[in-house]
Amino acid sequence: MSLLGHRTVLRFIYFLGVIRWYNLLLLGISQYLLSAYILLVKNGSDKKMAFWQFLTDTTVHSMALATFFTVAAIFIINSFYDLDKDWVNKSNMALMSRAVGTGQLANMYIIFNTLGLLFAFFASSKVAVYFVLFQFFGWFYSHKMQKIAVLRELSASLLTIAPLLAIWIHFSFEVPQLGGYFLGLITVLFVKDIMKDMAGDRGNLIFGYKTVSIVAGQEGSKRLAWTIAFTAALIFGIAYVQLDAVHDLLHITGIGLVLTFLNTTLWQRLDQTQHLKWMLRLQKSVVLFYFGALLALIIYRYVLFFVYNIIQP
């Protein structure tokens, strides 16, 4: 392979790092899991019909592609605004952005946003409007909101969950218990983003990014994260006790909130900053639990029932 070919391959690999392909893959899988779950619940008496609708729902497939290109574009524009900060906090990310080239990234940002809207329009006009707002919110977050404490962390959580909300909206809010599931997930993501921003305090402080940890300090951030986790777990616990029948999704939500509360409680007791990365990893594991548990639920309650007809849904 020629030197030019090697450079092209390397730039492509770096570009995959800039758009965080692993996050895009996880988001796409999560959308399909959510879609499969809603269809299986909706067609509980006919698993074959649910499976066929899942395969042939072109709207969901179009939304997944629209999400891929739109979220990738958000990562690209975020890398523009964060380039100076990333040299301090995440030099590898800054090096990848510089290696790809700002001009090339600008072109890909426009192309990806355009492709995202095209696939959204292919899904439906309502989906297209949703993704126009989603793209604007992604740009506004990168340009303004990520420099405002609390709004920065909350906006990041909402951007993460927005593609999943699009799937729920597409199915006309079938399975209303998903509302509680999403609220719990936003809480888990919010706590994760507080921890994540604390890990980047140095660059954030130098370049004027007002995060929760910079405004409230490390101890204040710990107390805020713990208070959020405790309040969410308490409210859920009260609602859980009062319900006559608890939906499967609420079991997942409750476990996720309890794990977040335990993680923030442990974080309160650890004074050394070096433990932060382990707390962040644990919190990321809670996020993965939300989707892993949904996959396990689909397999246990529906796939096994479909194959062996031994588990009553």
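Below, the structure is looked at part by part.

### Focus: the nonpolar core
Argument step 1. If you look at the biggest cluster of nonpolar residues, it comprises 68 residues, and the most contacted ones within it are Ile-76, Leu-178 and Tyr-181.
Argument step 2. Per element, the largest residue contribution to this core is 11 residues, and it comes from helix α4 (residues 58-81).

### Describing the packing of aromatic side chains
Argument step 1. Within this structure, the stated rule accounts for 20 aromatic pairs.
Argument step 2. With centroids separated by 4.9 Å and ring planes inclined at 80°, the aromatic side chains of Trp-168 and Phe-173 adopt a geometry described as edge-to-face.
Argument step 3. In this structure Trp-168 comes out as buried when scored by relative accessible area, which is 10%.
Argument step 4. Taking the centre distance of 5.9 Å and the plane angle of 65° together, the rings of Tyr-181 and Phe-182 count as edge-to-face.
Argument step 5. With relative accessibility at 1%, the residue Tyr-181 sits in the buried group.
Argument step 6. One aromatic cluster is present, built from ring pairs that chain together Trp-168, Phe-173, Tyr-181, Phe-182, Phe-289 and Tyr-290.
Argument step 7. Against the face of Trp-278 rests Arg-281, its NZ or CZ located 4.5 Å from the ring centre.

### Here we look at the environment of Ile-13
Argument step 1. As for its placement among the helices and strands, Ile-13 is situated in helix α1 (residues 3-18).
Argument step 2. Relative accessible area serves as the criterion here: at 45%, Ile-13 is assigned to the partly exposed category.
Argument step 3. For the pair Ile-13 and Val-100, spaced 87 residues apart in sequence, the C-alpha separation works out to 9.2 Å.

### Concerning a nonpolar patch on the surface
Argument step 1. Nonpolar side chains collect at one region of the surface, where Val-9, Leu-10, Phe-12, Ile-13 and Tyr-14 lie side by side and expose about 440 Å² of accessible area between them.
Argument step 2. Note that Phe-12 resides in helix α1.

### Some thoughts on helix α7 (residues 102-123)
Argument step 1. Counted at 1.5 Å a residue, the expected span for α7 with its 22 residues is 32 Å, and the 31 Å between its end C-alpha atoms agrees.
Argument step 2. Of all the positions in α7, only Leu-105, Met-108, Tyr-109, Phe-112, Asn-113, Gly-116, Ala-120 and Ala-123 are classed as buried. End-on view of α7: buried residues confined to an arc of 135°, all on one side of the axis. When the buried face of α7 is taken as reference, the exposed residues oriented beyond 90 degrees from it are Ile-110, Leu-118, Phe-121 and Phe-122.

### Here's the deal with the packing of helix α2 (residues 21-42) against α4
Argument step 1. Put simply, α2 and α4 touch, their axes get as near as 10 Å, and they point 150° apart. By the angle class used here, α2 and α4 are roughly antiparallel. Every pair of crossing elements has a handedness; the one defined by α2 and α4 is right-handed. Contacts between α2 and α4 pair Asn-23, Leu-24, Leu-27, Gln-31, Tyr-32 and Ser-35 from the former with Val-60, His-61, Met-63, Ala-64, Thr-67, Phe-68, Val-71, Ala-72 and Phe-75 from the latter.
Argument step 2. Along the lines of polarity and charge, the residues of the contact of α2 with α4 split into 10 nonpolar, five polar and no charged.

### Points about helix α9 (residues 151-170)
Argument step 1. Counted at 1.5 Å a residue, the expected span for α9 with its 20 residues is 28 Å, and the 27 Å between its end C-alpha atoms agrees.
Argument step 2. The largest bend along α9 measures about 40° and falls at Ala-162, with the proline Pro-163 one to four residues further on.
Argument step 3. Note on α9: the residue one or two positions beyond its end, Ser-172, has a positive phi of about 55°.

About the criteria used
- By convention here, each chain's residues receive numbers from 1 onward along its written sequence.
- For a predicted model such as this one, the threshold for reporting local features is a pLDDT of at least 70, and the threshold for listing and counting side-chain atom pairs is 80 or more; totals across whole chains, interfaces and linings nevertheless cover every residue.
- For the side-chain quantities, the full set of heavy atoms in the structure was used; hydrogens and water were omitted.
- Only buried residues count toward a nonpolar core, which is a set of Ala, Val, Leu, Ile, Met, Phe, Trp, Tyr and Cys residues joined through side-chain atoms within 4.5 Å.
- Each residue's exposure class comes from its accessible area (1.4 Å probe, protein chains only) as a fraction of the maximum for that residue type: buried when under 20%, exposed when over 50%, partly exposed otherwise.
- The helix and strand labels rest on DSSP assignments: H or I over at least four residues marks a helix, E over at least two residues marks a strand, and numbering proceeds from the N terminus.
- Aromatic pairing here means that ring centres of Phe, Tyr or Trp (its six-membered ring) are within 6.5 Å. Orientation follows from the plane angle: under 30 degrees is stacked, over 60 is edge-to-face, and everything else is tilted.
- The rule is short: NZ of Lys or CZ of Arg within 6 Å of the ring centre and within 35 degrees of the ring normal puts a charge over the ring.
- Patch criteria: residues need more than 30% relative accessible area and no salt bridge. Like-charged residues are merged within 9 Å; nonpolar side chains of Val, Leu, Ile, Met, Phe, Trp and Tyr are merged within 5 Å.
- We get accessible surface area from the Shrake-Rupley algorithm with a probe of 1.4 Å; when it comes to residues, only the shown protein chains can shield them.
- Think of a salt bridge as a Lys or Arg side-chain nitrogen and an Asp or Glu carboxyl oxygen that are within 4 Å of each other.
- Expected span of a helix: the number of residues minus one, times 1.5 Å.
- Think of it as the arc spanned by the lines of direction from the helix axis to the C-beta atoms.
- A fitted line through C-alpha atoms represents every axis, and for helices the fit uses only the stretch in contact; the resulting angles, taken between N-to-C directions, go from 0 to 180 degrees.
- Small angles under 35 degrees read as roughly parallel and large ones over 145 as roughly antiparallel, with 65 to 115 read as roughly perpendicular and the rest as oblique.
- The sense of a crossing depends on the near helix, which, turned anticlockwise from the far helix by less than a right angle, makes the crossing left-handed and, turned clockwise, makes it right-handed.
- Here a residue-residue contact requires only that any non-hydrogen atoms of the pair lie within 4.5 Å.
- Polarity classes work like this: nonpolar for Ala, Val, Leu, Ile, Met, Phe, Trp, Tyr, Cys and Pro, charged for Asp, Glu, Lys and Arg, and polar for all others, with Gly in that last group.
- The quantity called bend is, for any residue, the angle between two axes fitted respectively to the seven residues ending at it and the seven beginning at it.

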